[in-house]
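Each chain, written out:
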Amino acid sequence: MSQPAHPSPSPDPRPGPDTASPGAATPGSVSPGAASPVTAEFTVQGMTCASCSARVERGLGKVGGVQRAQVNLATERASVTFDPAQTSLTALTARVREIGYEPLTATTDLSVQGMTCAACVTRVERALKRVEGVLDAQVNLATERARVTYLPGRVTDSDLSAAVTRAGYAVLTGADSGVPSAPGRAALEQAARDDHERSLERDLRVSAAFAVPLLLLAMLPMMWMPLHMTLTGLLGERGLNVLMLLLATPVQFGPGRRFLRLGWNSLRHRSPDMNALVMIGTGAAYLYSLLVTLAPGVFPAGTAHVYFEASAVVITLILLGKVLEARAKGRSSAAMTALLRLQPTTARVVRDGQDTDIPTADVRSGDLILVRPGERVPVDGEVQSGESWVDESMLTGESVPVHKAAGAAVTGGTVNGAGALTFRATHVGADTALARITRLVEDAQASRPPIQGLADRVVAVFVPVVLAVAALTFLTWLLLGGPQGLSHALVNTVAVLIIACPCAMGLATPTSVMVGTGRAASLGVLFKSGAALEALHRAPVIALDKTGTLTLGRPELTDLILTGPHAGPDDRTAALTLIAAAERGSEHPVAQAIVTAARAGGLTLPDAQEFRALPGEGIDATVNGQRVQVGSDRLMTRLGLNVAPLTAQTDALADLGRTPLYAAVDGRVIAALAVADPIKPGSLDAVQAMQASGRRVVMITGDHARTAQAVARQLGITDVRAEVHPAQKSAAVKELQAAGQRVVFVGDGINDAPALAQADVGVAIGTGTDVAAETADVILMSGDLRGVPNAVALSRATLNNIRGNLFWAFAYNVLLIPVAAGVLEPPLGLRLNPVLAAAAMGLSSVFVLSNALRLRGFRPPLTTGND
């Protein structure tokens, strides 16, 4: 048997956890460095249903230079790819306003020093407007103030100050400047959601204050005739109608004004939505009742009924549904909000020997930062001094704190334990791991899984079809309904318009994706897109890299077998001390594994002299006057040393996938050693879980067949593709796909990037290289392979949740629209009252959102070793 010296599992250097997530385009920004096209994201307020988001999408798509526009109802975000030579963010946001919605913007003031004339004002305004994300800038020479309106998430006060400085002026900063810092996008969006919810609640209270007595006034006399006789005796029939008119009008033109405004805008743009349905339905009931009240003689006998209570109560119930929906939507983004709030707002920077608290946004790479016990780490960095345990659970899903000492990497957003740490900032601002993770989750929540296409196609024609059905309902009952035809035509038409709200359809998919990806992030699994979330559980084949994926990716000393009559602890200690001291001069990973094992045992290693590396064979050195040679059996044979007494044992070690070496001291073989890349804790559980779910598990590795087979035997993997060149890994994946099956590939190294890209879904081990993470569709932050079956299970749960939502949304409309139209009235005498239609419509959206929120309670099938 011939073994090369130090044949290694070829571990790649691994960056720290702060490099686990690839960069992504900043929301609200354009892609850096791109000339054309660029992509921008901004928040759109006021959308209430799928038709709203579709209208914004179509409107943006018609702007010259826009190549792609995508609007997500659940996240309320628009993502637009456009040619900056043909259009701008200002034009895009203006288009959104023209359509009838409001982009979320922020305003900040800067105190500009050094302006002397109108030309200075023009120069500063021009400089500020050139900052990508700035929508408007107005500079006042007298007050020396610049008021800037911008899209939050992209622009900071530092960007604006830099633009002013480049123009040749200065920005006054400090406590006395009176310049508020620009609030973060998360805070602005939350404030906007809170304002919207408060506005809905206020309108609901006003509406209910008038609608409840109106409902009692309309319904109680019908149920108790003495009351009806009393009221008509006091007020008369017309007087009673006038009283109901006085109660209904504040509701119709107060809280109901939002539906009138938005509904009219949608009709004006020839893209009717839910608001148009509510406007037409309640407006028809109100106007009909108004005419009955003012001119009852123009109606045929028996048809002069008022429906004020229907219009008022419908508006009230829809507002109630919107309030419940707003609250549920707030909970659906809880995981995202938690991520955005992880980074502290200030950092304690050590400058000139003094501790100074500054905004986290002002921290620069290279700054020395102090973190006290219990505080959050503000940015990514490397520990310079101190020792502590840091809770990284929100980023990795691992619950046990991680020990940190000098040289260790720390990640922004994690929580320091009982010790104080001083670290040097290495990644700040948008480059921190937390910022990159947040962008990934945001991108995934804003993206559309393929299953969304069905809902999009239905919604595109849904409201026009409903309007057609409503018109047909009105004409049918008017012509065929007999003496009460006009009354029935009105009631049934209003019921059709109210029951057919497409809100549930629009929310069915994005809310499930939002909650699912948020829950995944809390488990340390990052989905880059909704498509990956949908596709993961559908792949029947999971291909796994070995080194760094199934194994730790670094060799460890596993065996030390001594020869001769003495093999006690003292002999083992003496032998390992000599061997490790000799190996300390080598940078080879196997040598480092031996040195690490010795130091872990508390051994003090003497210095070696006359060290020589023997390429392909081993090393030769002198330690304490003794000549020490460590290497392969080929080296021992060349030295004329006999390793036959150890051959049986080293062969057995080789069969276990371990690399045997020999050590000789002063011309005598004293020991055999074995080094191996250990299997990761949890890899066996992960493989068994994948196989138990019916998936075919394949190992694809560039390692030796013997080593690969040994690892595969321990894990129960029968399909092994070994000695696969890095460039051939993607071909191996393609070969698996040739059978017509989707393939998931899991890897961590640079050499895995082509296979990750070729696979239907690429899963990168987050503790691996940036290149692998850039290429993959899913990232496991903790590096624990048990995250794969957990991600698959979450993918399945999310898709089942989406299917349930879509089924409910579609079935609800398919079943109830005909009922609202009155198809059951002739045979069964059943008619859907508009009030009940409004209640059902509101409950449909609340049901969809509540169903999506169940994903927050998802429990992974496997817990990690640290849980």
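Residues numbered from 1 in each chain as written. Predicted model: local features only at pLDDT ≥ 70, side-chain atom pairs only at ≥ 80, totals over all residues. Heavy atoms only, no water.

Student: Any chance you could explain the overall build of the chain here in plain terms?
Tutor: Within the chain one finds 29 helices and 30 strands. Contacts in the chain between residues far apart in sequence, at least 24 positions, make up 70% of those at least 6 positions apart. Within the structure as shown, the chain displays about 35,200 Å² of accessible surface, and the carbon and sulfur contribution to it stands at 57%. (Helix = DSSP H or I, 4+ residues; strand = E, 2+ residues; numbered from the N terminus. Contact = heavy atoms within 4.5 Å. Areas by Shrake-Rupley, 256 points an atom, 1.4 Å probe, with all protein chains shown as cover.)

Student: What exactly am I supposed to notice about the confidence of the model for the chain here?
Tutor: Atomic detail in the predicted coordinates should be set aside for any region of low pLDDT. Per-chain confidence: the chain averages 79 in pLDDT, with 84% of residues scoring 70 or above. Low pLDDT, under 50, characterises residues 1–34; the predicted model gives this stretch 111 contacts beyond four residues in sequence or across chains. Note that residues 174–183 has pLDDT below 50 and, in this model, 17 contacts with residues that lie over four places away or in other chains. (pLDDT = per-residue confidence, 0-100.)

Student: I'm lost on the environment of E382 in this one. Help?
Tutor: Among the structural elements, E382 can be located in strand β12 (residues 380–386). Residue E382 is classed as partly exposed on the basis of its relative accessible area, which comes to 38%. Between the alpha carbons of E382 and G407 there is a distance of 5.9 Å; along the sequence they are 25 residues apart. Other than its neighbours up to four places away in sequence, E382 contacts G407, A408, F423, R424 and T426. (Buried < 20%, exposed > 50% of the residue type's maximum accessible area, 1.4 Å probe, protein only.)

Student: Explain the sheet that holds strand β9 (residues 346–351) to me, please; I cannot follow it from the model alone.
Tutor: Across the sheet, which stays open at both edges, the six strands sit in the order β10-β9-β11-β17-β12-β15 with antiparallel pairing between neighbours. Two strands lie at the open edges of the sheet, namely β10 (354–359) and β15 (409–410), each paired on one side alone. One ladder, built from six bridges, connects β12 with strand β17 (residues 421–427); its direction is antiparallel. Residue G386 lies in a different strand from β17, and its bridge partner there is L421. (Pairing = 2+ DSSP bridges.)

Student: What is the right way to read the pairing of β17 from this model?
Tutor: Within a regular strand, the side chains alternate between the two sheet faces. Bridge analysis of strand β11 (residues 368–371) against β17 gives four bridges, and the strand direction is antiparallel. Counted as the bridge partner of I369 is F423 from β17.

Student: What exactly am I supposed to notice about the pattern of salt bridges here?
Tutor: A side chain with one charge may pair with a side chain of the opposite charge, provided their charged atoms come close. One pass over the full model with this rule turns up 20 salt bridges. R638 is the salt-bridge partner of E617, the closest N and O atoms lying 3.0 Å from each other. Linking E617 in the loop between β21 (608–614) and β22 (618–623) with R638 in helix α20 (residues 633–638), this pair joins segments that are 21 residues apart in sequence. Ionic pairing is found between R786 and D685, a salt bridge with its closest N-O pair at 3.8 Å. (Salt bridge = Lys/Arg side-chain N within 4 Å of Asp/Glu carboxyl O.)

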